[in-house]
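What follows is the residue order along each chain.
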Amino acid sequence: MTEHMDDETMTENSTPDRTETWDVVVVGGGAAGLAAALMLGRARRRVLVVDAGEPRNRYAAHMHGVLGHDGIDPADLVARGRSEVAAYGVEVRAGQVDRVEQAGPEAGDGLLVHLGAGGVVRARALVAATGITDVLPEVPGLAERWGASVLNCPYCHGWEVRGRRLGVLLTSPASLHQAQLLRQWSDDVTVLSAAVDPLEEETARRLRSRGVRLVAEPVVEVLGEGRDLSGVRTAAGEVVALDALFTAGRPLPHDAFLDGLDLAREDGPFGSLLAVDPTGRTSHSRVWAVGNVVQPMANVPMVTGAGAMTGAFVNAVLVEEEFDAAEAATQRVTTHWEDWYAGSAPLWSGRVNATTADVVATLPVGEALDLGCGEGGDAVWLAEQGWRVTAVDVSATAVARGAAGAEQRGVAERIDWHAHDLASWRTEQTFDLVTASFLHSDVELPRAEILRRAAGRLRPGGRLLVVSHVFESAADIPPWASAHLDQHDHHGDHGDHGQDEGEGEGEGEGEGEGEEGRYVSPMPELLLPHEEVAALALDPAEWSVELSEVRPREAAGPDGVQRAVVKDGVVLLRRR
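Participant: Describe the pairing of strand β13 (residues 231–234), and please don't skip the residues or the numbers.
Facilitator: For a regular strand, the rule is simple: side chains alternate between the two faces of the sheet. Summarising the sheet, strand β12 (residues 219–223) and β13 pair through four bridges and their orientation is antiparallel. Across the sheet, the residue bridging to L223 is G231, located in β13. Here β13 pairs with strand β14 (residues 239–241) via three bridges, running antiparallel. Looking at β14, one finds that G231 is bridged to A241.

Participant: Give me the lowdown on the pattern of salt bridges, citing residues and values where you can.
Facilitator: Summed over all chains, the structure comprises 29 salt bridges. A salt bridge links E101 to R99, with the shortest nitrogen-to-oxygen separation between them at 3.5 Å. For E101, a relative accessible area of 28% translates into the label partly exposed. The salt bridge partner of E542 is R575, with a shortest N-O separation of 2.5 Å. With a gap of 33 residues between them, E542 in the loop between α12 (529–536) and β25 (543–556) and R575 in strand β26 (residues 563–575) connect regions that are remote in the sequence. Among the charged side chains, a salt-bridge network with shared partners connects D23, R45, R124, R286, E321 and E322.

Participant: Tell me what's going on with the packing of aromatic side chains, and back it up with residues and numbers.
Facilitator: According to the stated counting rule, one finds three aromatic pairs in the structure shown. Measuring from centroid to centroid gives 5.6 Å for Y155 and W185, while their planes differ by 90 degrees, and the two rings are edge-to-face. Here Y155, found in helix α3 (residues 154–157), pairs with W185, found in the loop between α4 (176–182) and β10 (189–192); they are 30 residues apart in sequence, far enough to count as distant. One aromatic cluster is present, formed by W337, W340 and Y341 through successive ring pairs. The ring of W22 has R46 lying over it, and the distance from NZ or CZ to the ring centre is 4.5 Å. Note that R162 overlies the ring of W159, its terminal NZ or CZ placed 4.0 Å from the centroid.

Participant: Describe α12, and please don't skip the residues or the numbers.
Facilitator: Along α12, the residues classified as buried are P529, E531, E532, A535 and L536. Projection of α12 onto a plane perpendicular to its axis shows the buried side chains occupying an angular sector of 155 degrees, all on one side. For α12, the elements touching its buried residues are α10 (447–455), β24 (458–469), β25 and β26. Positioned one or two residues after α12, A537 has a phi angle of 55 degrees, which is positive.

Participant: Which residues make up the sheet that holds strand β11 (residues 213–215), and what values do they have?
Facilitator: Reading across the sheet, the five strands line up as β8-β15-β9-β10-β11 and stay open at both edges, with parallel pairing between neighbours. Unpaired on one side and paired on the other, β8 (150–151) and β11 mark the two borders of the sheet. As paired strands, strand β9 (residues 166–169) and β10 are joined by four bridges and run parallel to one another. In the strand pairing of β10, L166 is matched with V189.

Participant: Can you tell me about the side chain of T397, naming the residues and giving the values?
Facilitator: If you trace the backbone, T397 turns up in helix α9 (residues 396–409). Take T397: its relative accessible area is 17%, and that puts it in the buried class.

Participant: Requested: an account of the sheet that holds β13, with residues and values cited.
Facilitator: What the three strands build is an open sheet, ordered β12-β13-β14; its pairing is antiparallel. Looking along the sheet, the strands with just one partner apiece sit at the ends: β12 and β14. On average, each strand axis in the sheet is inclined to that of its neighbour by 25 degrees, with strand direction left out of account.

Participant: Any chance you could break down the environment of R58 for me, citing the residues and the numbers?
Facilitator: Among the secondary structure elements, R58 is positioned in the loop between β2 (47–51) and α2 (74–86). R58 gets classed as partly exposed once you look at its relative accessible area, which sits at 41%. In this structure, the C-alpha to C-alpha distance between R58 and P74, residues 16 residues apart in sequence, is 6.8 Å.

Participant: I'd like a rundown of the nonpolar core, residues and numbers included.
Facilitator: One recurring pattern in soluble globular proteins: nonpolar side chains tend to sit buried together. One finds L369, L371, V434, L451 and L464 to be the most contacted residues of the largest nonpolar core, which totals 29 residues. Here L451 is in contact with L371, A436, L439, L464, V466, E532 and L536, once residues within four sequence places are set aside. Core analysis: the next-biggest nonpolar cluster, separate from the first, contains 27 residues, A379, A406, L433 and V467 among them.

Participant: I'd like a rundown of α9, residues and numbers included.
Facilitator: Given a rise of 1.5 Å per residue, 14 residues ought to cover 20 Å, and the 20 Å separating the end C-alpha atoms of α9 matches this to within 8%. Buried residues along α9 sit against α6 (300–342), α8 (377–384), β21 (388–393) and β22 (415–419). Structurally, the start of α9 carries an N-cap: the backbone nitrogen of T397 is 3.3 Å from a side-chain oxygen of S395. Trailing α9 by a residue or two, G410 shows a phi angle of about 80 degrees, which is positive.

Participant: Requested: an account of the side chain of H440, with residues and values cited.
Facilitator: Secondary-structure assignment places H440 in the loop between β23 (431–437) and α10. On the accessibility criterion, H440 (3% relative accessible area) is buried. Within the local environment of H440, its side chain forms a polar contact with the backbone nitrogen of H469, the two atoms lying 3.5 Å apart.

Participant: Account for the packing of α6 against α9, with residues named and values stated.
Facilitator: The geometry of a pair of packed helices is captured by two quantities: the angle between their axes and the separation between those axes. With their axes 7 Å apart at the nearest point, α6 and α9 run at an angle of 50 degrees to one another. Classified by the angle between their axes, α6 and α9 sit oblique to one another. Contact with α6, carried on its side by E338, Y341 and A342, involves A396, T397, A398 and R401 of α9 and no other residues of that element. Split by residue class, the contact of α6 with α9 holds four nonpolar, one polar and two charged.

Participant: Which residues make up the environment of D73, and what values do they have?
Facilitator: Take D73: it is sitting in the loop between β2 and α2. For D73, a relative accessible area of 30% gives the class partly exposed. Measuring from C-alpha to C-alpha, the distance between D73 and H62 comes to 4.4 Å, with eleven residues separating the pair along the chain. Filtering out sequence-adjacent residues up to four positions away, D73 remains in contact with A60, A61 and H62. Within the local environment of D73, its side chain forms a polar contact with the backbone nitrogen of A75, the two atoms lying 2.8 Å apart.

Participant: Would you mind going over unusual backbone geometry in detail, with residue names and values included?
Facilitator: For residues besides glycine, phi is generally negative; the peptide bonds are generally trans as well. Between D197 and the following residue, P198, the backbone shows a cis peptide bond with an omega angle of 0 degrees. In this fold, P198 is placed in the loop between β10 and α5 (201–208). Positioned with a positive phi, R44 is a non-glycine residue whose angle comes to about 65 degrees. Within the secondary structure, R44 sits in the loop between α1 (31–42) and β2. Taking relative accessible area as the criterion, R44 reaches 79% and is therefore assigned exposed. Look at A537: it is not a glycine, yet its phi comes out positive at around 55 degrees. Note on placement: A537 falls in the loop between α12 and β25.

Conventions and cut-offs
Residues numbered from 1 in each chain as written. Predicted model: local features only at pLDDT ≥ 70, side-chain atom pairs only at ≥ 80, totals over all residues. Heavy atoms only, no water. Pairing = 2+ DSSP bridges. Helix = DSSP H or I, 4+ residues; strand = E, 2+ residues; numbered from the N terminus. Salt bridge = Lys/Arg side-chain N within 4 Å of Asp/Glu carboxyl O. Buried < 20%, exposed > 50% of the residue type's maximum accessible area, 1.4 Å probe, protein only. Phe/Tyr/Trp six-rings, centres within 6.5 Å; stacked < 30°, edge-to-face > 60°. Lys NZ or Arg CZ within 6 Å of the ring centre and 35° of its normal. Arc of directions from axis to C-beta. Contact = heavy atoms within 4.5 Å. Axes fitted to C-alpha atoms, helices over the stretch in contact; angles between N-to-C directions. Core = buried A, V, L, I, M, F, W, Y, C linked by side-chain atoms within 4.5 Å. Expected span 1.5 Å × (residues − 1). Polar contact = N/O pair within 3.5 Å; in protein donor to acceptor, adjacent residues only side chain to side chain. Parallel < 35°, antiparallel > 145°, perpendicular 65-115°, else oblique. Nonpolar A, V, L, I, M, F, W, Y, C, P; charged D, E, K, R; others polar.

See the structure below:
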């Protein structure tokens with residue numbers, strides 16, 4: 001829907017502070033984050049990826065073990081991934097997230113994601129794929145060679161240094177596993193064990209059984225030229241010749257931006273990490289974490305797979321949420337309007353809306369669909385003109401009254417009545433005309449979606465007619481409506497004033513018992529004709545605009561005495 005705003009009026013697509021809203025914000029644009037974003041983008045989700053541009057593997061020139069991409073530069077994978085997600089409408093934005101907080105009910109109970117200088121965005125869900133920093137032992141010469149000749153993962157780098165002189169600088173008992181693994185790539189392995197000295201005798205015996213050398217003296221310097229390593233120097237002055245050195249840095253997860261949500265954590269061999277279920281969901285129902293931020297030892301293919309799974313699961317959760325919301329909204333609409341009609345005497349004046357009649361009178365007779373037919377004024381009139389009519393309204397009471405009126409007027413056989421919520425009503429039938437007169441609801445109704453779907457059932461040459469209330473200024477408000485509008489801080493303009501979804505029968509068309517002036521709160525948005533056309537967003541190659549105008553007409557208030565000129569917005573679109 002296009003926006004039409006002035007200083008005091010705002011459309012439904014705007015939020016009070018104009019904050020961007022996304023289905024999912026993915027924090028981190030590495031392999032895990034982009035894999036999640038790819039699945040979500042392909043699921044037609046609105047996805048924002050916020051990336052600080054500092055992936056964990058940026059120090060490495062190549063990555064391995066990634067099927068189809070073995071040996072490529074990690075930066076190339078990220079570039080390809082960005083290009084792929086962009087094809088599905090995913091936006092990747094440079095920056096970082098400072099903090100995340102729970103939004104209130106007025107914002108849909110989602111999340112507020114603070115982007116620092118980039119402002120604040122809203123999200124229905126968030127995926128943290130921010131990775132870790134490897135906090136390396138403070139040994140001179142070590143950090144400078146990280147990713148080149150000082151390495152972490154045997155599966156990522158072991159093949160490239162196979163058969164050479166390999167060292168393992170232990171940082172914790174857990175890194176003994178790394179020492180055993182490396183024996184698979186070389187029979188010349190030296191374990192520098194000072195960090196866990198003294199080794200248990202059983203562990204030492206096990207390592208020596210396969211020819212692994214043990215050096216207990218602390219390493220004080222890593223030697224070599226440039227990024228190449230030649231060995232290490234111990235505190236005793238011994239130089240141990242090596243071609244590559246493996247070590248496991250202490251993983252520091254990048255999750256501080258989530259601290260405000262008080263997420264559950266778990267302590268393990270790699271420190272305190274966010275607690276997640278097998279899908280990556282944290283203790284917050286709208287926050288997931290995936291990749292190295294929760295699995296420090298996972299390599300690129302592992303985090304890619306995990307990211308894809310998490311992305312698919314997040315979409316599934318949102319799908320369930322949307323079905324729950326739709327079901328609840330349908331029930332609200334049905335209950336509200338059924339109570340509204342059943343709780344009053346018949347409201348139908350017996351007359352068609354004059355504007356609708358004027359437009360339809362110029363069209364060839366055929367088959368028509370009347371959306372939000374209410375008590376059937378328009379539907380009965382159409383049948384009297386020779387149209388075959390399908391009439392739909394959410395209220396069973398209103399539809400029953402319409403059917404009774406059709407019987408009295410002798411056109412019952414020309415109208416098929418349906419009591420059904422418009423948001424979920426479907427038909428395979430096609431039509432020559434779809435009418436929607438005053439299709440406004442104070443209970444949430446996906447109006448544009450309903451109209452677009454109905455337009456899709458029109459035959460070539462068929463027409464969609466939408467008639468609605470228009471207030472271009474305060475002078476357009478009829479006197480019987482002013483008091484009610486004042487209660488809602490109406491500021492003039494063409495803003496928020498509406499009636500129910502069954503107003504097609506032309507109430508107030510000279511009849512005192514009509515619905516002109518019967519209004520309920522909160523009031524729906526009313527669009528000007530050109531805004532209506534924009535909101536429908538029908539393909540101009542397939543549709544032509546025959547009418548888009550405001551028409552005045554004389555109407556009576558609920559007392560049958562007050563009279564005023566009101567304005568109807570008229571949109572008539574023709575399918576080519």
